[in-house]
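Listed below, chain by chain, are the residues.
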Amino acid sequence: MSPEAYKSILANYLPSMAVDPIYNFMNHYCVHFHITRKRTSKLGDYRWPQPRHNYQEISVNGDLNQYEFLMVLLHEMAHLCTHQRYGDSTQPHGHEWQNEYRNLLLQYISCFPAELATLIKQYTRRIPLSRTIEKQIDTLLKQYNPNFVAEEHICLNDLQPGTLFRIKAKPQQLFKAIAKRRTRWQCEDVVTKQKYLVNGIAEVIIEN
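Cut-offs applied
Residues numbered from 1 in each chain as written. Predicted model: local features only at pLDDT ≥ 70, side-chain atom pairs only at ≥ 80, totals over all residues. Heavy atoms only, no water. Salt bridge = Lys/Arg side-chain N within 4 Å of Asp/Glu carboxyl O. Helix = DSSP H or I, 4+ residues; strand = E, 2+ residues; numbered from the N terminus. Phe/Tyr/Trp six-rings, centres within 6.5 Å; stacked < 30°, edge-to-face > 60°. Buried < 20%, exposed > 50% of the residue type's maximum accessible area, 1.4 Å probe, protein only. Contact = heavy atoms within 4.5 Å.

A. Just the pattern of salt bridges, in detail. Under the defined criterion, the tally for this structure stands at 8 salt bridges. As a salt-bridge pair, Glu57 and Arg47 come within 3.4 Å of each other at their nearest N and O atoms. With Glu57 in strand S3 (residues 56-61) and Arg47 in strand S2 (residues 44-47), this pair connects stretches of sequence that are 10 residues apart. Here Lys195 ties to Glu188 by a salt bridge, and the two come within 3.0 Å at their closest N and O atoms. Overlapping salt bridges, with partners in common, bring together Arg39, Lys42 and Asp45 in one network.

B. Quick peek at the packing of aromatic side chains. The full count for this structure, using the stated rule, is 10 aromatic pairs. Pairing Phe165 with Phe175 gives two aromatic rings, centres 5.6 Å apart and planes at 25 degrees, and the pair type is stacked. Of this pair, Phe165 sits in strand S4 (residues 164-167) while Phe175 sits in strand S5 (residues 170-181), and the two are 10 residues apart along the sequence. Just as Phe165 is buried, Phe175 falls in that class too. On the basis of an interplanar angle of 90 degrees and a centroid distance of 5.7 Å, the ring pair of Phe175 and Tyr196 is categorised as edge-to-face.

C. Summary view of the environment of Arg184. When you line up the elements, Arg184 lands in strand S6 (residues 184-189). The spacing of Arg184 and Ala202 is 18 residues in sequence and 9.5 Å in space, taken between C-alpha atoms. Residues within four places of Arg184 in sequence aside, it is in contact with Ala179, Leu197, Val198, Asn199 and Gly200.

Structure (structure tokens):
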């Protein structure tokens, strides 16, 4: 694929100011970059070289708005940079990754609207990165979706322990949020009392 064609595809998903530097990053690290359909389990991922695929690989869900897409992509790029610098001996979101992510966010901060950029600056001021501000950023990012309606975009991460909810993609089961475990929540099926780990980004419907 020619550079022009590659950049043309990126321009459909990214803020215009991010297209050239993202292209240069992917080209420099020889990244196999995939834009995927919507996945309920994750927004993006990074895979370092393995015996069966000896290349860097990043994927991002293609249904995200341009600022969500960029945030997720920078998150995965930070995993790549961490692996390049430290190998696979670090924690997935440890201090090393947080430093790489902070550096990338600051490099691309001019690509975000002013309100988001202000929050990102606050977010990057110290390590460990602030989960409270991260949640504020996630909430604000959703507001750039077409036809956004706040009450229709509630994620499990937005809930408090003890809240009853249904997963939007599978509304048959009624769950109770128990406690957050890193990126997932321990939840209980209200009927069967069986425990599950549910990704915090899952969209939910609060049960009154």
